[in-house]
Amino acid sequence: MIKGMDARMEADVVVVGAGPAGIHAALAAARGGADTVLVERYGFIGGMSTAALVYPWMTFHTTDGKQVIKGSAQEMVDRLMAAGASPGHVRDTCGFVYTITPFHPEKYKVIAVDMLREAGVRMLFHSFVDGVETDGDAIRSVTLTGKSGRIRLAAKMFVDTSGDADVAHLSGAPCLMGRDGDRMTQPMTMKFRMHGVDLEEVKRYILAHPDEFYRKTPIDELPDLPLTAVQGFYKHWKEAGLPINRDQVLFFSGPEPDEVLVNMTRVQGLDATNVEDLTAAETEGRRQVLMVADFMVKSLPGFRNASISQVGAQIGVRESRRIAGLYTLDMDDVVEGRRFDDVVARSGYPIDVHAPSDKGVIVSWIKGDGAYDIPYRCLVPQKINNLLVGGRCISTTHEALGTTRLSPSCMATGQAAGAAAAIAVKRGIAPKDVSVPELQERLRGQGAILD
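Here is what the cut-offs are and how they apply
- Residues numbered from 1 in each chain as written.
- Predicted model: local features only at pLDDT ≥ 70, side-chain atom pairs only at ≥ 80, totals over all residues.
- Heavy atoms only, no water.
- Helix = DSSP H or I, 4+ residues; strand = E, 2+ residues; numbered from the N terminus.
- Buried < 20%, exposed > 50% of the residue type's maximum accessible area, 1.4 Å probe, protein only.
- Polar contact = N/O pair within 3.5 Å; in protein donor to acceptor, adjacent residues only side chain to side chain.
- Contact = heavy atoms within 4.5 Å.
- Phe/Tyr/Trp six-rings, centres within 6.5 Å; stacked < 30°, edge-to-face > 60°.
- Lys NZ or Arg CZ within 6 Å of the ring centre and 35° of its normal.
- Pairing = 2+ DSSP bridges.
- Axes fitted to C-alpha atoms, helices over the stretch in contact; angles between N-to-C directions.
- Expected span 1.5 Å × (residues − 1).
- Salt bridge = Lys/Arg side-chain N within 4 Å of Asp/Glu carboxyl O.

### Digging into the side chain of Gln74
As for its position among the elements, Gln74 is in helix H2 (residues 71–82). Its relative accessible area of 13% is what places Gln74 among the buried residues. Only 2.8 Å separates the side chain of Gln74 from the side chain of His89, close enough to count as a polar contact. Aside from chain neighbours lying at most four places away, what touches Gln74 is Phe60, Gln67 and His89.

### A look at the packing of aromatic side chains
Scanning the model with the defined rule gives 14 aromatic pairs in all. Aromatic side chains Phe251 and Phe303 sit 5.3 Å apart centroid to centroid with 75 degrees between the ring planes, which places their arrangement in the edge-to-face category. In this pair, Phe251 sits in strand S12 (residues 249–253) while Phe303 sits in the loop between helix H7 (275–299) and strand S14 (307–311), placing the two residues 52 residues apart along the sequence. The class for Phe251 is buried, based on a relative accessible area of 1%. Connected via pairs of aromatic rings, a cluster forms that spans Tyr55, Trp57, Phe103 and Tyr108. One cation-aromatic arrangement involves Lys109 over Phe44; the distance from NZ or CZ to the ring centre is 4.1 Å.

### Some points on the sheet that holds strand S10 (residues 192–195)
Taken together, the 5 strands give an open sheet; going across it, the order is S11-S12-S13-S10-S14, and neighbouring strands pair in antiparallel fashion. Strands with a single pairing partner mark the edges of an open sheet, and in this sheet they are strand S11 (229–232) and S14. Averaged over all pairs of adjacent strands, the angle between strand axes in this sheet comes to 25 degrees, irrespective of strand direction. Across 3 bridges, the pairing between S10 and strand S13 (residues 260–262) is antiparallel. The residue of S13 that forms the bridge with Phe192 is Val262. Across the face of the sheet, H7 comes into contact with S10, S12, S13 and S14 while running at roughly 30 degrees to S10.

### A look at the pairing of S10
When S10 meets S14, the two strands line up antiparallel, connected through 4 bridges. From the neighbouring strand, Met194 faces S14, where its bridge partner is Ile308.

### Topic: helix H3 (residues 105–119)
Compared with an ideal rise of 1.5 Å per residue, which puts 15 residues at 21 Å, H3 spans 21 Å between its outermost C-alpha atoms and is within 8% of the ideal. Residues of H3 that are buried: Pro105, Tyr108, Lys109, Ile111, Ala112, Val113, Met115 and Leu116. For H3, the secondary structure elements touched by its buried residues are helix H1 (20–31), strand S2 (36–39), H2, strand S5 (122–124) and S10.

### Here we look at the pairing of strand S18 (residues 361–364)
Pairing geometry for strand S17 (residues 351–354) and S18, over 4 bridges, is antiparallel. Considered in S18, the bridge of Val353 is made with Ile362. The loop that links S17 with its antiparallel partner S18 comprises 6 residues.

### Examining the pattern of salt bridges
Applying the stated rule across the entire model yields 28 salt bridges. For Asp12, the salt bridge identified is with Lys156, shortest N-O distance 3.4 Å. Of this pair, Asp12 sits in strand S1 (residues 7–16) while Lys156 is found in strand S8 (residues 149–160), placing the two residues 144 residues apart along the sequence. What makes Asp12 buried here is its relative accessible area of 18%. For Lys156, a relative accessible area of 51% gives the class exposed. For Arg91, the salt bridge identified is with Glu221, shortest N-O distance 2.8 Å. With a gap of 130 residues between them, Arg91 in strand S3 (residues 90–91) and Glu221 in the loop between helix H5 (199–208) and S11 connect regions that are remote in the sequence.

### Here we look at the environment of Phe103
Along the polypeptide, Phe103 turns up in the loop between strand S4 (99–100) and H3. Classification of Phe103 as buried rests on a relative accessible area of 1%. Along the chain, Phe103 and Pro408 lie 305 residues apart, while their C-alpha atoms are 13 Å from each other. In this structure, Phe103 is in contact with Ser49, Val54, Tyr55, Pro56, Trp57, Leu80, Ala85, Ser86, Tyr108 and Pro255, ignoring residues within four places of it in sequence.

### Some remarks on unusual backbone geometry
Cis rather than trans, the peptide bond between Tyr55 and Pro56 has omega equal to -10 degrees. Of note, Pro56 is situated in the loop between S2 and H2. The omega angle of the peptide bond from Met58 to Thr59 is 0 degrees, so this bond is cis rather than trans. Within the fold, Thr59 resides in the loop between S2 and H2. Despite not being glycine, His126 shows a phi value in the positive range, around 50 degrees. Among the secondary structure elements, His126 is positioned in the loop between S5 and strand S6 (127–135). Its identity is not glycine, yet Arg183 carries a phi of approximately 60 degrees, on the positive side. Judged by relative accessible area, Arg183 falls into the exposed class, the value being 51%.

Structure, rendered in structure tokens:
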């Protein structure tokens, strides 16, 4: 039992941040034989998927419907489906991607913990990393602050899945922020759920007014599909004239039959790693939630009896710090569907950059077979020799982050980072010296798609 101030703990691998990347990093590390501790600042896991209501997961497939992300991420979906907590991969009825994957966030919190316990992962909730002790080019320990006081957590290998590259930054590893030049990041969004929505009325309106919705909405198929996503209501939004810098309505159905997840607030020009900016973002996001919900009830078909059922525990963050790794994935790599010899994950989600300062969204589709490779070198930071990263803070440009930041991609890079950490511990080597063929063989053995 941890007691008093300045307690000490040790592990082979410490994973910091229990979001989509951290969960799968910890699973892979523990299943690789490493004594693994997973650290999370909230009292539950899931990261942006639960704390910020980032829902649904999108996407495990290319635009042609070919699945390119499996591994422990698919295992998680299978477990959710078996528990009645997800319908699995279903068609995206706004047509932006081929599939989306709805899930019940409260059941996900429990099922993910069950999987981690089965793998032997030790978990520390309510623990915030606020210090990193280094010795030359290696991290010796991270310092946690929580109800037990301060804990010095030492390990042979560390995996940063904090989303904000907190461990990398505190260790002195080179980091990047935002777009080139002005360091501005994609906007933050406070997401919320509404219940009491008549989705059949919404569908009838879409079928009767297809020109008011996203051009890729599968109108011809819609009568035979459950309504999973809606993008449009352009006329209604324009007429409302709300002071929110976006140009359309966007919501997703579920998890309950009369419930939707609304992704419409937009908080721009603030830094998610600055506490004053983050405070301002949280308060502005909640103000916008009330404004948007009122608009939807008064103006949209199917919403007359709707009301807010949940608001995120925190604002959703698309972009903050990321590492400068041994390789930086760029826009051309994604759009050209580039292949890499050291591939450890693939993705079929297009570049989707929400403008830092205006209404627009930059979308670039992937050529070729509709998928691109994420190389191992993007997970390996410069300067620090016993650190890996997964998820939103891997090494990319501002533009390429517009695809790698999505939850399934974060799950896949998290799994790769955890598997590599276990190999590095077993071999007594630095992550940069891990055999890529050995890592790829291990990932394939865990169900990952690399080809």
